Structure formats: C-alpha cells, structure tokens
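Residues per chain are reported as follows:
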Amino acid sequence: MSRIVEPTSGSETRLFLISSYEPLVWMRELQAVSLATLCGPHAPPLPAVLLPPCSPSCVVPTLRPSPIWSPHAPLFSQGFCHTTRRWRPPGPPVPDGPSFRPRRWENILSRQLCLDPYVSEDPALDEILDLLSDEYARDILAAASEKPMSANELAEQCGMSEPTVYRRISSLQEHELVAEQTKIETGGNDYKLYVATLSGFSLELEDGSFESSLERQSAPEFPGQDEADTADRFKKMWENL
Amino acid sequence: MISVPTLVDWLIIGLAFGSTLVGAYIGYQAYRGYRRHDSPTMQYLSVGLFLLTAAAFSIAFVGSVLLREGILPARFQQSLTLLTRTLQFLGVLFIAYSLHRRG
C-alpha cells in the first residue's frame, strides 16, 4: 500500500511511494491517495507528486505537476497507460523557462500515456528504415518484385538460407511490404508465393521535419497484369496458368 | 444461276468473317509473344489458335462459296467438311499441348 513520506531535505512537496511497478496498482493507489489527500482533512497545501517505488535515498526531484495541457505536464499524474510497456524511470526533467520549446499534443499525450518521453515520434519509420537497411531484405524485395516467388526460390536466388528468408519475410509482412499468395498444386502440396508490394520509398526534409512516403502496388491478380504490351501480357498469363 | 443472299445470309457471312479476323488477331499476338520471348509454348499456342480460328473458318467459308457458286463440284462437300473439322481438331490439339507443356 502506498505511504506518505515526509521529506527530510526541507522541500515542501510531499512524496507518495507506490508499492509496486504494476500500472493498474498505481491507478488504484493513485485514486485512493488522491481522493484522500484532496478531499480529506489533511489535504496538503501544495501539490503532491507520485513516485515509483524506490528507496527514499534515491528520490529524484521531479517536475511541478500541472494540468495535462501545459507543457510542463508531469509524467505520472493521471491517465491510464494503454500500452503494455514495462515502466521505465523518467528521464531528466524538462527544463523550464524561455528555452523550453512547447511540445505538440501528440508528444504530450505520448509522454502522459506511454510513460516514455524519449520514444521517437514515428516508430514505424524507424522500423522500416531498419528493415530496408538490411541487405537480405532488399534482395528479397527486388527478387519478389518481378514475379511471385516461393521461399525456396528466394533462398536460391538471393543466396541465403531458408530460415533467414522466412525471418525476413515475416518482418516484411508485418509492414505489408510483401504479400502472400498460395499456389495450389495437384497432389495436395500447396506452397506459398511471396510478391513484393513495395514499389517506392522516399524521405524528404521539409519545413524542419522529415516526411516519409511509402508507395505500394497491389500484387497482380494474374501474372502479367501490369505488362503494357498485349503479347507480353498474353505470354505471362498463359505460361503461368 | 447466282442466288441473291438474304439478310440472314449476310449476317452469317459477316460473323464468319469477323471470327476469322479476331481469331487471326489473337493468333498474331501469341505469335508476337513467341518472337519476343523465344518461347515454344507461345509458338504452339499461336499455331493452334490460328488453325482453330482463322484457317478453319476461311477454308470453310471459301469452300462453301465455291460450292454454292458451282465452281467446286458438289461431291467435294463432304471432304470440305472433313478438312475443316481436321483443322479445328489440330488447332485445339496444339493449344492443349502448349498448355500442358508448362513452359
């Protein structure tokens, strides 16, 4: 259960130590404590700050708590964290004063709700850049962009082992850069074909921030759908029947 | 004696001619596919399509006109039909072979 600790250093804020790292436990304790302290007879004259469980010796001087819409919003004062991220300790306090750049809504909310002030603004972009920086993933995308290929063929053509191919394909599929098709064979051994749906990726620096754009093309319904020349389309379609 | 064809006769002639043309066009595209990619599958497909559509129709058409006009003796009618059906059969045979080749 949480308890109130009177600070010994002479500062005027009261500190509440919460008993466990679980966010749900915090919420319950927060509600219990905040109701008691705000409405009870011993309501503190100054705002209270919540701290995660740690020893009193490592008390970190934290921000002044304030309403959610201010740039100095504290990290744990309210809000339910919808993510399943483990709790991480807060970083250094945000500086006050004219040098402080007011943050946008999304940053404030992400700090409020996800309890991590240093998560990047666009985690998807980071992941895609990581994926594209991998040579194997690029080889797979290049090979699979011409026609649907099975994992076996990709392993052979790109010179990598099948487990590697499957790992890359599963991470590419998460970001919808490859699509899966099932090729039905007589005799019951159906196998999966993979075709690249990524057709372009660009990163532009504009107005002081990066804009990324991912272009995707849908996998052709039949082979040769994208050919311009009739004879080529006919040939691809017929030979892949 | 030359008989004047009725409207239905003209329609039949027009459709037969149209089928010949469209069939020849499809066969030509298949032939181009063969030439661009050197693929035997497309070669057999083009031959088969051509036989099935253009060749059979044109032989049948020309033959029936000749028979009607009396240039060709009447006893050749059955052989003409036989020739037409043989060409059609060869045509579908070639198409089936090109399909089965898995090229």
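Residues numbered from 1 in each chain as written. Chains lettered and ligands numbered in written order. Predicted model: local features only at pLDDT ≥ 70, side-chain atom pairs only at ≥ 80, totals over all residues. Heavy atoms only, no water.

Peer 1: How do you make sense of the packing of aromatic side chains when you look at a structure like this?
Peer 2: In this description, an aromatic ring pair is defined by two values, namely the gap between the centres and the angle between the planes. All names here are of chain A. Overall, the coordinates contain 4 aromatic pairs over all chains when judged by the stated rule. Seen in terms of ring centroids, Phe234 and Trp238 are 6.5 Å apart; in terms of plane orientation they differ by 80°. Their pairing is edge-to-face. Of the two residues, Phe234 and Trp238 both sit in helix α7 (residues 230-239), 4 residues apart, roughly one turn of that helix. What makes Trp238 buried here is its relative accessible area of 15%. (Phe/Tyr/Trp six-rings, centres within 6.5 Å; stacked < 30°, edge-to-face > 60°. Helix = DSSP H or I, 4+ residues; strand = E, 2+ residues; numbered from the N terminus. Buried < 20%, exposed > 50% of the residue type's maximum accessible area, 1.4 Å probe, protein only.)

Peer 1: Please clarify how the interface of chain B and chain A should be interpreted in this entry.
Peer 2: Accessible area lost when the parts come together is the quantity often used to give the size of an interface. Taken together, the contact between chain B and chain A spans 17 residues of the former and 9 residues of the latter. Approximately 1,100 Å² of surface area, both sides summed, lies buried where chain B meets chain A, with 65% of it carried by carbon and sulfur atoms. Here chain B is connected to chain A by 3 salt bridges. Ionic pairing is found between Asp229(A) and Arg32(B), a salt bridge with its closest N-O pair at 2.8 Å. Joining chain B to chain A, the criterion identifies 6 residue pairs in polar contact (both at pLDDT 80 or more). Residue assignment for the side of chain B that touches chain A shows that the elements contributing at least two residues are α1 (7-37), α2 (40-69) and α3 (77-100) of chain B. Per-element accounting of the side of chain B that touches chain A gives the leading share, 8 residues, to α1(B). For the side of chain B that touches chain A, the residue count by class is 8 nonpolar, 7 polar and 2 charged. (Contact = heavy atoms within 4.5 Å. Buried area = accessible area lost by both parts, 1.4 Å probe. Salt bridge = Lys/Arg side-chain N within 4 Å of Asp/Glu carboxyl O. Polar contact = N/O pair within 3.5 Å; in protein donor to acceptor, adjacent residues only side chain to side chain. Nonpolar A, V, L, I, M, F, W, Y, C, P; charged D, E, K, R; others polar.)

Peer 1: I would appreciate a short explanation of the confidence of the model for chain B in the present structure.
Peer 2: Note that predicted coordinates carrying low pLDDT should not be read in detail. Averaged over every residue, the pLDDT of chain B is 87; residues scoring 70 or more account for 93%. Among the prediction metrics, the complex's ipTM stands at 0.75, with pTM recorded as 0.45. (pLDDT = per-residue confidence, 0-100.)

Peer 1: Sorry, what's going on with the nonpolar core here?
Peer 2: Generally speaking, a soluble globular protein has its nonpolar side chains buried in company with each other. Residues and elements named next belong to chain A. Ranked by internal contacts, the top residues of the largest apolar core, which has 22 residues, are Ile140, Leu141, Leu154, Val165, Ile169, Leu172 and Leu177. The element contributing the most residues to this core is helix α4 (residues 135-144), with 5 residues. Ignoring any residue separated from it by four or fewer positions in sequence, one finds Leu141 in contact with Leu132, Leu172, Leu177, Val178, Ala196 and Leu198. (Core = buried A, V, L, I, M, F, W, Y, C linked by side-chain atoms within 4.5 Å.)

Peer 1: Help me understand a nonpolar patch on the surface, please; the structure alone is not making it clear to me.
Peer 2: Residues and elements named next belong to chain B. A contiguous nonpolar surface patch, about 720 Å² in accessible area, is contributed by Phe17, Leu21, Val22, Tyr25, Ile26, Tyr28 and Tyr31. Looking at where Tyr25 falls in the secondary structure, it is placed in helix α1. With relative accessibility at 45%, the residue Tyr25 sits in the partly exposed group. (Patch = residues over 30% accessible without salt bridge, like charges linked within 9 Å, V, L, I, M, F, W, Y side chains within 5 Å. Areas by Shrake-Rupley, 256 points an atom, 1.4 Å probe, with all protein chains shown as cover.)

Peer 1: I tried to follow the pattern of salt bridges on my own but got confused; where do I start?
Peer 2: Opposite charge on two side chains makes pairing possible when the charged atoms of those side chains draw close. The tally for this structure, following the rule as stated, stands at 5 salt bridges over all chains. Asp229(A) is paired through a salt bridge with Arg36(B); the nearest N and O atoms lie 3.9 Å apart. Of this pair, Asp229(A) sits in the loop between β8 (209-216) and α7 while Arg36(B) is found in helix α1, placing the two residues in two different chains. Taking the relative accessible area as the measure of exposure, Arg36(B) reaches 46% and is therefore partly exposed. Among the charged side chains, a salt-bridge network with shared partners connects Asp229(A), Asp232(A), Arg32(B) and Arg36(B).

Peer 1: Looking at this structure, I do not really get the packing of α7(A) against α2(B). What am I missing?
Peer 2: Relative placement of two packed helices is described by the angle separating their axes and the distance separating the axes. Two numbers describe how α7(A) lies on α2(B): the axes approach to 10 Å, and their chain directions differ by 105°. By the angle class used here, α7(A) and α2(B) are roughly perpendicular. Two secondary-structure elements touch here, α7(A) through Phe234(A), Lys235(A), Trp238(A) and Glu239(A) and α2(B) through Thr41(B), Met42(B), Leu45(B) and Leu49(B). Its residues assigned to classes, the contact of α7(A) with α2(B) comprises 5 nonpolar, 1 polar and 2 charged. (Axes fitted to C-alpha atoms, helices over the stretch in contact; angles between N-to-C directions. Parallel < 35°, antiparallel > 145°, perpendicular 65-115°, else oblique.)

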